[in-house]
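Chain by chain, the residues run as shown.
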Amino acid sequence: MQTEDLVKLAISALEDLKGQDITTIDVRGKTSVTDYMIIASGSSSRHVKSLVENVLEKVKEQGVRPLGSEGLEGGEWALLDLDDVVVHVMQVPTRQFYDLERLWQGAEQSRAQHANDAE
């Protein structure tokens, strides 16, 4: 699966379960760890876990094998490593505290356009 298609699939899986404030950061050329980071917020620990588990399910259906995951037990911040794409899902206070968008402010960032954003 192409990296850009994997990004779209992960975003779609997050949107399916009402992930909030979904941001994609293109870190190609800025780190050797990954090409894209996707950051989303969940409203509770259960929501964070559900969001990451949905991404995991959707990518596995497409034959993508994740390299690993972290934080699913706690639900404050969960990470899913898909090699070229790393998905971070956090509760809002945790996301505000760590402010990954500011850390990567030199990288190209884009926000997912939700159907309910037009409301």
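For every chain, the first residue of its written sequence is number 1, and the numbers climb from 1 along that sequence. A pLDDT threshold of at least 70 governs which residues receive local features in this predicted model, and a stricter bar of 80 or more applies before side-chain atom pairs are shown or counted, although totals over entire chains, interfaces and linings include all residues. Calculation of side-chain values draws on the structure's entire complement of heavy atoms; hydrogens and water are dropped beforehand.

- For the protein chain, an unreviewed UniProt entry supplies the name Ribosomal silencing factor RsfS and the organism Stutzerimonas stutzeri KOS6.
- Recorded in UniProt for the protein chain, the comment headed Subcellular location (unreviewed entry) runs: "Cytoplasm".
- UniProt positions are given in the numbering used here, feature names are shortened, and annotations may be inferred rather than shown by experiment. The annotation that UniProt attaches to the protein chain under Function (unreviewed entry) is "Functions as a ribosomal silencing factor. Interacts with ribosomal protein uL14 (rplN), blocking formation of intersubunit bridge B8. Prevents association of the 30S and 50S ribosomal subunits and the formation of functional ribosomes, thus repressing translation."

**Overview of the overall build of the protein chain**
Moving on, step 1. Helix and strand labels come from DSSP, where a helix needs a run of H or I of at least four residues and a strand needs a run of E of at least two; each type is numbered from the N terminus. Counting its secondary structure elements, the protein chain contains 4 helices and 6 strands.
Moving on, step 2. Reading the protein chain from its N end, one meets helices and strands in the order α-β-β-α-β-β-β-α-α-β.
Moving on, step 3. In the protein chain, buried positions account for 43% of the 119 residues.
Moving on, step 4. Here a residue-residue contact requires only that any non-hydrogen atoms of the pair lie within 4.5 Å. For the protein chain, the proportion of contacts with a sequence separation of at least 24, taken over those separated by at least 6, is 61%.
Moving on, step 5. Split by element, the accessible area of the protein chain, about 6800 Å² in all, is 44% carbon and sulfur. Under the scheme applied here, a residue whose accessible area is under 20% of the maximum for its type counts as buried, over 50% as exposed, and between as partly exposed, the area being computed with a 1.4 Å probe on protein chains only. With residues, only the protein chains shown are counted as cover, and all accessible areas are computed by Shrake-Rupley using a 1.4 Å probe.

**Some points on the nonpolar core**
Moving on, step 1. Among buried residues, the Ala, Val, Leu, Ile, Met, Phe, Trp, Tyr and Cys ones that are joined through side-chain atoms within 4.5 Å form a nonpolar core. Counting 25 residues, the largest nonpolar core has Leu14, Ile38, Val55, Leu82, Val85, Val87 and Val89 as its most contacted members.
Moving on, step 2. The set of elements that each furnish at least two residues to this core consists of α1 (3-16), β2 (36-42), α2 (45-61), β4 (77-81) and β5 (85-91).
Moving on, step 3. Looking at this core element by element, the count peaks at 7 residues for α1.
Moving on, step 4. Contacts of Ile38, omitting those with residues within four sequence positions, involve Val7, Ala10, Ile11, Leu14, Ile22, Thr23, Thr24, Val85, Val86, Val87 and His88.
Moving on, step 5. In this structure, Ile25, Val27, Met90 and Leu100 belong to the second largest nonpolar core, which totals 6 residues.

**Digging into the packing of aromatic side chains**
Moving on, step 1. Note on aromatic pairs: the rings of Phe, Tyr and Trp (six-membered ring only in Trp) are paired at centre separations within 6.5 Å, and the planes decide the class, stacked below 30 degrees, edge-to-face beyond 60, tilted for the rest. Taken as a whole, this structure holds 2 aromatic pairs when the rule is applied.
Moving on, step 2. With 4.8 Å between their ring centres and 55° between their planes, Trp77 and Tyr98 make a pair best called tilted. With Trp77 in strand β4 and Tyr98 in helix α3 (residues 92-98), this pair connects stretches of sequence that are 21 residues apart.
Moving on, step 3. Their ring planes at 85° and their centres at 4.9 Å tell us that Phe97 and Tyr98 sit as a pair that is edge-to-face.
Moving on, step 4. You can call Phe97 exposed: its relative accessible area is 65%.
Moving on, step 5. Three or more aromatic residues joined by ring pairs make a cluster, and in this case those are Trp77, Phe97 and Tyr98.

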